[in-house]
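Here's the letter readout for the chains.
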Amino acid sequence: MTQPPADAATMEKIVALCKRRGFIFASSEIYGGLGSTYDYGHYGVLLKTNVKSEWWRAMLQERDDIVALDSAILQHPRVWEASGHLAGFTDPMVDCRACKKRFRADHLDREEMCPAKASLPKTDDRRHELTEARDFNLMFKTFVGPMEESASVAYLRPETAQGIFINFKNVLQFSRKKPPFGIAQVGKSFRNEITPGNFVFRTREFEQMEMEFFVPPDEAPQWYDHWKQQRLHWYVDLGLREDHLRMREHDLDELSHYSSATADVEYLFPIGWSELEGVANRGNFDLTQHAEYSGEKLEYFDPQSKERYVPHVIEPAAGADRATLAFLVDAYDEDDLGGEQRTVLKLHPRLAPVKVAVLPLVKKDGQPEVAREIVKALRARMQTEYDEGGSIGKRYRRQDEIGTPFCVTVDHQTLQDRTVTLRDRDTLEQERLAIDGLVEVLVERLAREWRSPKVAAEA
Ligand code: GAP
């Protein structure tokens, strides 16, 4: 399939909105920033937390065959020998002999000259030749304890998955599960990427949401299909446009050393079709490797069939930051409100950082007091925001830009008959509702969106 042209303008608008509204912004800004590291502000934290909660909900609450884990970021260095990361988690890298810039060889279009040359001043007449490709390990190295010596080397984990494999035996003992069952984990991973970029799409520090599903070997193909389907649906259920999503099966020469089959959930980002999540059939590679390196038996004994086997693993591996970016991109919209342009994030209500904003029309006549009373009632049930600053139009625009599905406005009439207006972010319809019962109305409207279609169908 041909790649559509990159849409740099849309990406720039999203980056600008994220900064303007305090979702995500460059890290260490007062020191000039640190390449491709980002900090999440208030709304960014709420949004990414909702993305992760929805993942946990799909893994834990809506099923009974997966348990949770939170393993350490620093692990025994032998973990990375066994997993193959120490020897093989590398990217081929080339350097420009003139400007010293570094590039991933496999990202260059068989160019022999430095891609940065085009953007350098014409007066720069040096030949920008590239070196031969060399392997560059992506793991961040550190030292445990006070001695900086080889015996104390440790690595920041480059994926959360290995923390799951090394705990297989522990979890099997205390969870009372038997294959097919899964272990899910969310947490930070670190990769010293040669060419990070495209905002939070590829960074050196990021959060992963990974689940390792352990199955009897002969059931692996069917579970691989199951997880490909489940993970694609998760994004659709949370509102991503179906025609901007696809599942792409890897060619044989793309497969990682451990995988017998991998498919990527791809999303049509402004940079083109790109990986959102990978689903891999890892076979018994990881458990076998860790058994060999640790000397521990990592297998399952079925007391009924008296069979002993090393389970095979199906792994859906997603990125929380990359998913957050996809939801932002997909929700971003501009429309025309009677000649005035409105920017709106049409986020799924389950993901929206704030569910409802309460706005007194004016900052007097007892309106703020009633608005505060409504906030108090709503706050117990949903993320609520109070805002009295600026014109009502400006305040609506602000809530549209952070994706708040509902705004409640307190006005002169409220003081007479205890009714308010409820404004819908997407339809812009306004209706008059009694304060008494408002909480229930909003809870009910949000609950309609709350249950995933899967669970609704089963109920
Ligand atoms: N355990 C398998 C594994 O880690 P991966 O395809 O390398 O597989 C899984 O990573 C997901 O993690 C990716 O699909 C992506 O969403 C996210 N991810 C990987 N590297 C990333 C980076 N440098 N920045 C942001 N997200 C990243």
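Refer to the structure above for everything that follows.
Parameters and conventions
- Residues numbered from 1 in each chain as written.
- Predicted model: local features only at pLDDT ≥ 70, side-chain atom pairs only at ≥ 80, totals over all residues.
- Heavy atoms only, no water.
- Patch = residues over 30% accessible without salt bridge, like charges linked within 9 Å, V, L, I, M, F, W, Y side chains within 5 Å.
- Areas by Shrake-Rupley, 256 points an atom, 1.4 Å probe, with all protein chains shown as cover.
- Salt bridge = Lys/Arg side-chain N within 4 Å of Asp/Glu carboxyl O.
- Helix = DSSP H or I, 4+ residues; strand = E, 2+ residues; numbered from the N terminus.
- Buried < 20%, exposed > 50% of the residue type's maximum accessible area, 1.4 Å probe, protein only.
- Pairing = 2+ DSSP bridges.
- Axes fitted to C-alpha atoms, helices over the stretch in contact; angles between N-to-C directions.
- Contact = heavy atoms within 4.5 Å.
- Polar contact = N/O pair within 3.5 Å; in protein donor to acceptor, adjacent residues only side chain to side chain.

1. Focus: a nonpolar patch on the surface
Stage number 1. A surface patch of nonpolar side chains, amounting to about 230 Å² of accessible area, comprises I73, L74 and V144.
Stage number 2. Secondary-structure assignment places L74 in the loop between β3 (66–68) and α3 (77–83).
Stage number 3. A relative accessible area of 43% places L74 in the partly exposed class.

2. Things to note about the sheet that holds strand β6 (residues 134–137)
Stage number 1. Pairing is antiparallel in the open sheet, where three strands are placed in the order β5-β4-β6. Because the sheet does not close on itself, it has two edges, and the strands there are β5 (102–104) and β6. Each strand of the sheet is rotated relative to its neighbour by a mean of 50°, with strand direction disregarded.
Stage number 2. Here four bridges tie strand β4 (residues 90–95) to β6, and the two strands are oriented antiparallel to one another. Its bridge partner lying in β6, D91 is registered against F136.

3. Observations concerning the side chain of R423
Stage number 1. Residue placement: R423 occurs in strand β22 (residues 419–424).
Stage number 2. The contact partners of R423, leaving out residues within four places of it in the chain, are R342, Y396, R397, D400, P405, F406, C407, L428, E429 and Q430.

4. Remarks on the side chain of Q367
Stage number 1. Positionally, Q367 belongs in helix α10 (residues 367–379).
Stage number 2. Separated by 2.9 Å, the side chain of Q367 and the backbone nitrogen of V362 make a polar contact.
Stage number 3. Side-chain polar atoms of Q367 contact the side chain of H412, separated by 3.5 Å.
Stage number 4. Each residue touching Q367, except ones within four places of it in the same chain, is listed here: P360, L361, V362, V410, D411, H412 and L415.

5. Observations regarding the sheet that holds strand β13 (residues 272–283)
Stage number 1. Spatially, seven strands are ordered β3-β9-β10-β16-β13-β12-β11 in an open sheet, and the strand pairing comes out mixed. Of all the strands in the sheet, the pair left with one neighbour each is β3 and β11 (245–249). For this sheet, the mean angle separating the axes of adjacent strands, direction not counted, is 25°.
Stage number 2. Here strand β12 (residues 261–269) pairs with β13 via nine bridges, running antiparallel. Paired with L268 across the two strands is W273, which belongs to β13.

6. What about the pattern of salt bridges?
Stage number 1. One pass over the full model with this rule turns up 42 salt bridges.
Stage number 2. Across the pair E54 and R350 runs a salt bridge, and its minimum N-O distance is 2.9 Å. A residue pair is termed long-range when its members are at least 10 positions apart, and E54 in helix α2 (residues 42–61) and R350 in the loop between β18 (340–345) and β19 (356–360) qualify at 296 residues. Assigned by exposure class, E54 and R350 land together as buried.
Stage number 3. The partner of D335 in a salt bridge is R342, and the shortest N-O contact between them spans 2.9 Å.

7. Considering the environment of V375
Stage number 1. Structurally, the position occupied by V375 is in helix α10.
Stage number 2. Using a relative accessible area of 3% as the deciding quantity, one classes V375 as buried.
Stage number 3. Each C-alpha atom, one on V375 and one on Q413, is 18 Å from the other, the two residues being 38 residues apart in sequence.

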